[in-house]
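# Coordinate analysis (summary)
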Amino acid sequence: MTVEFGLSLPSGPPKDRIDQFLLGLEETLPALQGHIASLWMTDHFFWGDEPTYEAWTVIAYLAARWPQFKIGPIVLGQSYRNPALMAKMGATLQALSQGNFIMAVGAGWKEDEYHAYGYPYPRAGTRVEQLADTLEIIKRMWTEPGPVSYQGTHYSITNAYCEPRPNPVPPLLVGGGGNKTMLVAAQYADWWNIPDANFTDYKAKVHLLHQHCRTLGRDPASLRLTWFGRLAVGRTEAEALQRGSGQWTPQNAFVGTAVQVVEQMRQFVDLGVDYFMVEILGVNQPEVRNLVLEEVLSKLG
């Protein structure tokens, strides 16, 4: 099995160095070319008063500036954009990037963003129902000749065109680990993802996901398993833990020496995961970048 890697970008620049976001990419991405397949941006509006960039603007920029990489959000909150508009945006970016776009969507969860930006924040079950409507609209607008109409539980379209339709149709990733969300993923997704999961939790989720696939009459092998989170590697375990700053540990990230990190990731590969979207902590430091490339990714790719 071929294992692929994507680089998840920070949510924004350091507060005291706004220019560092682009400068870091200009320095780092040429070194990573050939080792990673894709670039990913989280979809959030703020983390306190820390500088935070809007995801779609970033991935559109990435698609134009670094066309050698696939690009995607990890993951779009379905509530933040009208689903028909989201389908149109995805189709446009797929065309302009010449097929490099991966659509990734989740139900949405960050309540403070909803309230701050004036979005309704319904209960979790409603947000999952909205996600199902969103995915149905996206798939129909991407694959059915227009005009397309659909009346869902929460979202609807009437005589909506999406021309040109994307060719090829982008992979559709659904992110989320709740029971109902995974049922939606089993119904609609090409790829599935949850963030920051240790192996024990991830394995249990995969078992449930595959149960949902079988209930729907779907071959579980047709749903690609992916993992998103942080990677902190060091010459010693203590150095790696320090790089994780107490927030990222082996319980929610890949943290340790290169040998330890490879062992941690190998468990997921053996389970069937073949795509890792990782935010490499300290990636702008050449010694960290070289350690990851030479002693981690090369052992798994």
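Description of the structure in this document. (Residues numbered from 1 in each chain as written. Predicted model: local features only at pLDDT ≥ 70, side-chain atom pairs only at ≥ 80, totals over all residues. Heavy atoms only, no water.)

## Considerations on the packing of helix α1 (residues 20-32) against helix α10 (residues 286-300)
Put simply, α1 and α10 touch, their axes get as near as 11 Å, and they point 25° apart. Of the possible angle classes, the one that applies to α1 and α10 is roughly parallel. Our pair here, α1 against α10, has a crossing hand that is right-handed. In this structure, α1 contributes Glu 27, Thr 28, Ala 31 and Leu 32 to the contact, and α10 contributes Pro 286, Arg 289 and Leu 293. Residues belonging to the contact of α1 with α10 are distributed by class as follows: four nonpolar, one polar and two charged. (Axes fitted to C-alpha atoms, helices over the stretch in contact; angles between N-to-C directions. Helix = DSSP H or I, 4+ residues; strand = E, 2+ residues; numbered from the N terminus. Parallel < 35°, antiparallel > 145°, perpendicular 65-115°, else oblique. Left-handed = near helix turned anticlockwise from the far one by under 90°. Contact = heavy atoms within 4.5 Å. Nonpolar A, V, L, I, M, F, W, Y, C, P; charged D, E, K, R; others polar.)

## Concerning the nonpolar core
Met 103, Trp 192, Tyr 202, Phe 276 and Val 296 are the most contacted members of the largest nonpolar core, which totals 85 residues. Considering each element in turn, this core owes the most residues, eight residues, to helix α5 (residues 124-143). Here Val 296 is in contact with Leu 231, Val 233, Ala 258, Val 261, Val 262, Met 265 and Leu 291, once residues within four sequence places are set aside. Ile 74, Ile 102, Ala 104 and Phe 228 belong to the second-largest nonpolar core, a separate cluster that totals nine residues. (Core = buried A, V, L, I, M, F, W, Y, C linked by side-chain atoms within 4.5 Å. Buried < 20%, exposed > 50% of the residue type's maximum accessible area, 1.4 Å probe, protein only.)

## Regarding helix α6 (residues 179-188)
Those residues of α6 that fall on the buried side of the exposure criterion are Thr 181, Met 182, Val 184, Ala 185, Ala 186 and Tyr 188. Summarising the contacts, the buried residues of α6 are in contact with α5, β8 (172-175), β9 (191-195) and α7 (199-215).

## Notes on the pattern of salt bridges
On inspection of all chains with the given rule, the structure shows 15 salt bridges. Two residues, Lys 15 and Asp 49, come together in a salt bridge whose shortest N-O distance is 3.0 Å. Taken together, the residues Lys 15 in the loop between β1 (4-8) and α1 and Asp 49 in the loop between β2 (38-41) and α2 (55-65) connect sequence positions 34 residues apart. Looking at Lys 15, the relative accessible area reads 45%, which means it is partly exposed. Where Lys 15 meets Glu 50, a salt bridge forms, and the shortest distance between an N and an O atom there is 3.6 Å. Taken together, the residues Lys 15 in the loop between β1 and α1 and Glu 50 in the loop between β2 and α2 connect sequence positions 35 residues apart. The network of salt bridges with common partners includes Glu 4, Arg 224 and Asp 274. (Salt bridge = Lys/Arg side-chain N within 4 Å of Asp/Glu carboxyl O.)

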